[in-house]
Amino acid sequence: MFKWLKRLLWLILLLSSIGIAAVAALYFHLEKGLPDVSSLKDTNWETPLRVYSADGELMSEFGDVKRIPLRLDQIPLRMQQAFLAIEDSRFYEHPGIDFIGIARAGLIWAVSGQMRQGASTITQQVARNFFLSREKTLSRKIKEVFLAWRIEQELTKGEILELYLNKIPLGYRAYGVGAAAQVYYGKTVDQLTLGEMAVIAGLPKAPSMLNPIRSPQRALARRNLVLSRMLQLGMIKDDEYQAAIKEPIVTHYHGTDVGLDAPYLAEMVRKFMLDTYGEESYSKGYQVYTTISSVQQKAAHNAVFKGLLDYDIRHGYRGVEKHLWTKGAAAWNSEQINNYLSDLPSYEPFEPAIVTAVNNKDVTVVIKGGLDASISWDGLKWARPFISDERQGTAPRKAADILSTGDLIWVWQDEGSDQLRLAQIPDANAAFVALNPKNGAIQALVGGFNFEISKFNRVEQARRQVGSNIKPFIYSSALANGFTLASIIDDAPITQWDGGTSGWSPKNSPPQYDGPITLREALARSKNVVTVRLLRGVGIDKVLDHLRLFGFPDSSLQRNESISLGTAEFTPLELVTGYATFANGGFKVTPYFIDRIEDASGHVVYEATPKMACAGCGKLAETGLDSVAAYKDELGDWHSQCPIDPVTPNQQAPRIISSANAFLISEALHSAIYGGADRGLGHWMGTGWRAAKELKRNDLHGKTGTTNEAKDAWFSGFTPNIVATAWVGFDDHRRALGRSISGNEFGASAAQPIWIEYMKTALNGIPDRIGTTPDDVVSMRVNNYSGLATNGTAGSREEFFEKGTEPASSNQQESVLFDDGNTKLPTQPQSQEPSVVSPAPVSAAGKTGTDDIF
């Protein structure tokens, strides 16, 4: 007996030796083909591209993989224990391969004939997830074991567990516990309950079958198994267990937790990153910090929404989306209503709803999500019928005039009054963009009403006729060619015959003419015929050359006199960049929207170096720190965009017009806001007077713009530290903005309210910043009628001139530019008042400016 036992032991020893030798031989055979596990120490996580505002608000995320890398000390102990309990309870005891677990799994397989229990450790899963495929072959399993052993030699247990918890796929493209917490619960890992942690810990076995969104019952059973294992292993106490298993499975898919709505700008970033870094930009964890101000972006978004909503309300209700059941037919039950609504999109802040009851002055609705609510008369009474862009029907008298039961409608919650209101998706659209004129940094950008409805970015992609928004550039060319703000131009009708029976006859809008008036007043009141005469006086070729200085494309600069009235087509971004030149003292800045780009490790891989608008560039170093400080003070709230060191010549934006030219046009645009009384020119009002009334400050400059038939409405304006452009129109070029119950739609009524609403926030808390007079500008007293220098005070005012263009003394006469391009003497005495020959009818508030269509 002893001999047989001895022989058996020798046989076992021999077989064990052979087995060890075979394993060793196999290891050395495979060793050269095994990956280097030391690379795990410097893991570069596949993380999405994230886009942030300048102040750190998340704007968007791009990429197929959702991952939020976390250090082990950022992951709650209970979550770590939940994974260990269900995946590898002996993790801290085995050397990477759990021989006890393998034996136990083998025994169960031998007894039952089924592989009911896995034997892979967390270390093996790390090896598989990082280096191997998921194919079920013997060679892959052997490599997995060898790699697990090598990983244990190279890394600590904590490092291995951290890799596992960040790498493991957990469904819905979420990799790692950080992403899973956000996707399933909209939380960070430290906000999860014990039950929620257990749900996530149960996912690795089969994420598609066990996730709580698709299979809540399976997720519940798996969660309870995880909690039971934690209790058995002493990781949690019985009272924790009892509380956790009573938690209901409540979850739904949570997208990226975006804090700032700026999808059009985010899409611009995505295109830049794709062009610059290729497809890997979606997975390398780049973090892009834009120039966008979160406060200003929210203000711009709200302003566009309000402007389009107000326009829609003025033009009436186009009707319900759909009639789901008619009067007399069986009404849908709650389940049918909720199922139907759940499949419909939402366009924040609009939600779809179904009318379930119509009363005299209110209706009852069910909103997507199953909320029962009512719309009072205040939220309904605006809905007079839309007949056409030019006509609206009579005002409704009761709710039944508007809606019926079974109607599918849109509703929104008015934050100002907390009332639910009837709504409709606007047919018209809008664009808005704001820049820092000192360096071109985009502060806010809205490319349309809703990105989900239309991804067309009207700020940079829509070329529209600019109407009277082009006039400041025409007037700038006039100042560069001998005219002054005091020059007198004849505001009288023009007819240019073509030799037949028809001709071109540009008109003021409204068709009122004031005879000879100053250039300042003509721009402020947007006199169309005066602009045509200026174009003729300067010469169209010189005007076009001047327009090219601002970067306007040649393709939009047709050699035709109608260009003086805005037939040129520019994008809002091109237009606002042009206006920035007037705001910054004559420099052409280049718009930019990315401040810096960081890689996944936080290292800066790209940083913007914008050219700065600075009249003293190259001289600041000579004049000392006080000058630098003064310049930064001039930048106001955007001083952080200024380099720390004195601005050098190679950092200076190119000067395209003189500082005097920029200042004088700004002066005229100031009069467009504040009128003639502000500069002693009489009691007339500029086209932008609403801005002064609403904003109640004295540093505004701006210009309305409306094209022929009111197909495009514009307002562009600025203060010394911000310049912005708003556009409103239809994407369908055939449609005009029309007429509403409030009157014709113009730049002043459709676009300017958006600009004003934005500026209420953008300028909040910022004191008036009146620009200083440049060194190349002088002021002198001139006669209001003749524009000539005078020593008197009656009938005269102070006016600004570029040095060398000051007018002659009052013992001479100033000529007036007439429609034939020639100059003639005024027909009235120089001493006569007021400053126009044939004044238009005067209202109680004084003469109004034209609202600029041609």
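Provided above is the structure to which this section pertains.
Enquirer: It is not clear to me how the pattern of salt bridges should be interpreted in this structure. Could you clarify?
Expert: Close approach of charged atoms allows side chains with opposite charge to pair. One pass over the full model with this rule turns up 41 salt bridges. For the salt bridge of Asp389 with Arg735, the shortest nitrogen-to-oxygen distance reads 2.7 Å. Highlighted residues: Asp389 in the loop between strand E10 (386-388) and strand E11 (391-392) and Arg735 in the loop between strand E26 (722-729) and strand E27 (739-740), separated in sequence by 346 residues. Asp732 is the salt-bridge partner of Arg734, the closest N and O atoms lying 3.0 Å from each other. A network of salt bridges, in which partner residues are shared, links Asp312, Arg318, Asp389, Asp427 and Arg735.

Enquirer: Help me understand the sheet that holds strand E14 (residues 429-435), please; the structure alone is not making it clear to me.
Expert: Where strands meet in a sheet, backbone hydrogen bonds hold them as pairs that are either parallel or antiparallel. Taken together, the five strands give an open sheet; going across it, the order is E15-E14-E26-E25-E24, and neighbouring strands pair in antiparallel fashion. Sheet topology places strand E15 (442-446) and strand E24 (701-706) at the edges, where each strand pairs with a single neighbour. If you compare each strand with its neighbour and ignore which way they point, the axes differ by 5° on average. Where E14 and E26 come together, seven bridges link them in antiparallel fashion.

Enquirer: Any chance you could explain the environment of Phe386 here in plain terms?
Expert: Assignment of secondary structure puts Phe386 in strand E10. What makes Phe386 partly exposed here is its relative accessible area of 24%. Placed 70 residues apart in sequence, Phe386 and Gly316 show a C-alpha to C-alpha distance of 4.4 Å.

Enquirer: What am I meant to see in the packing of aromatic side chains here?
Expert: Given two aromatic rings, one states the distance between the centres and the angle between the planes to describe the pair. If you walk through the whole model with that rule in mind, you get 28 aromatic pairs. A ring pair is formed by Trp332 and Tyr340, whose centres lie 5.4 Å apart and whose planes are at 65°; its orientation type is edge-to-face. Among the residues examined, Trp332 registers a relative accessible area of 25% and is labelled partly exposed. We classify Tyr340 as partly exposed; its relative accessible area is 23%. Through pairs of rings, three or more aromatic residues link up here, namely Phe473, Phe550, Phe552, Phe570, Tyr579 and Phe582. One Lys or Arg, Lys455, reaches over the ring of Phe451 and ends 5.0 Å from the middle of that ring. The ring of Phe730 has Arg735 sitting right over it, with the charged end atom 4.0 Å from the ring centre.

Enquirer: Help me understand the sheet that holds strand E23 (residues 604-607) in this model?
Expert: The five strands lie next to each other as E2-E1-E5-E22-E23, forming an open sheet whose pairing is mixed. The sheet is open, and its two edges are formed by strand E2 (58-62) and E23, each paired on a single side. Along the sheet, successive strands turn relative to each other by an average axial angle of 15°, direction set aside. Inspection of the sheet shows strand E5 (residues 287-290) paired to strand E22 (residues 594-598) by four bridges, in the antiparallel sense. Counterpart to Thr290 in the pairing with E22 is Ile594. Contacts from helix H12 (residues 263-277) reach strand E1 (49-52), E2, E5, E22 and E23 within the one sheet, and its direction differs from that of E2 by about 45°.

Enquirer: Which parts of the structure should I look at to understand the environment of Phe730?
Expert: Relative to the assigned elements, Phe730 resides in the loop between E26 and E27. Considered as a pair, Phe730 and Ala428 are 302 residues apart in the sequence and their alpha carbons are 4.6 Å apart.

Enquirer: Sorry, what's going on with helix H19 (residues 540-549) here?
Expert: Side chains three or four residues apart in an α-helix point the same way, a direct result of the helix having 3.6 residues per turn. Ile540, Val543, Leu544, His546 and Leu547 are the residues of H19 that are buried. Here the buried residues of H19 occupy an arc of 160° about the axis, which is enough to place them on one side. Contacts made by the buried residues of H19 are with helix H16 (471-479) and helix H18 (528-538). Of the residues flanking the end of H19, it is Gly551, one or two places downstream, whose phi is positive at about 90°.

Quick notes on the rules
- Residues numbered from 1 in each chain as written.
- Predicted model: local features only at pLDDT ≥ 70, side-chain atom pairs only at ≥ 80, totals over all residues.
- Heavy atoms only, no water.
- Salt bridge = Lys/Arg side-chain N within 4 Å of Asp/Glu carboxyl O.
- Helix = DSSP H or I, 4+ residues; strand = E, 2+ residues; numbered from the N terminus.
- Pairing = 2+ DSSP bridges.
- Axes fitted to C-alpha atoms, helices over the stretch in contact; angles between N-to-C directions.
- Buried < 20%, exposed > 50% of the residue type's maximum accessible area, 1.4 Å probe, protein only.
- Phe/Tyr/Trp six-rings, centres within 6.5 Å; stacked < 30°, edge-to-face > 60°.
- Lys NZ or Arg CZ within 6 Å of the ring centre and 35° of its normal.
- Contact = heavy atoms within 4.5 Å.
- Arc of directions from axis to C-beta.

Keep in mind these values describe shape, not function.
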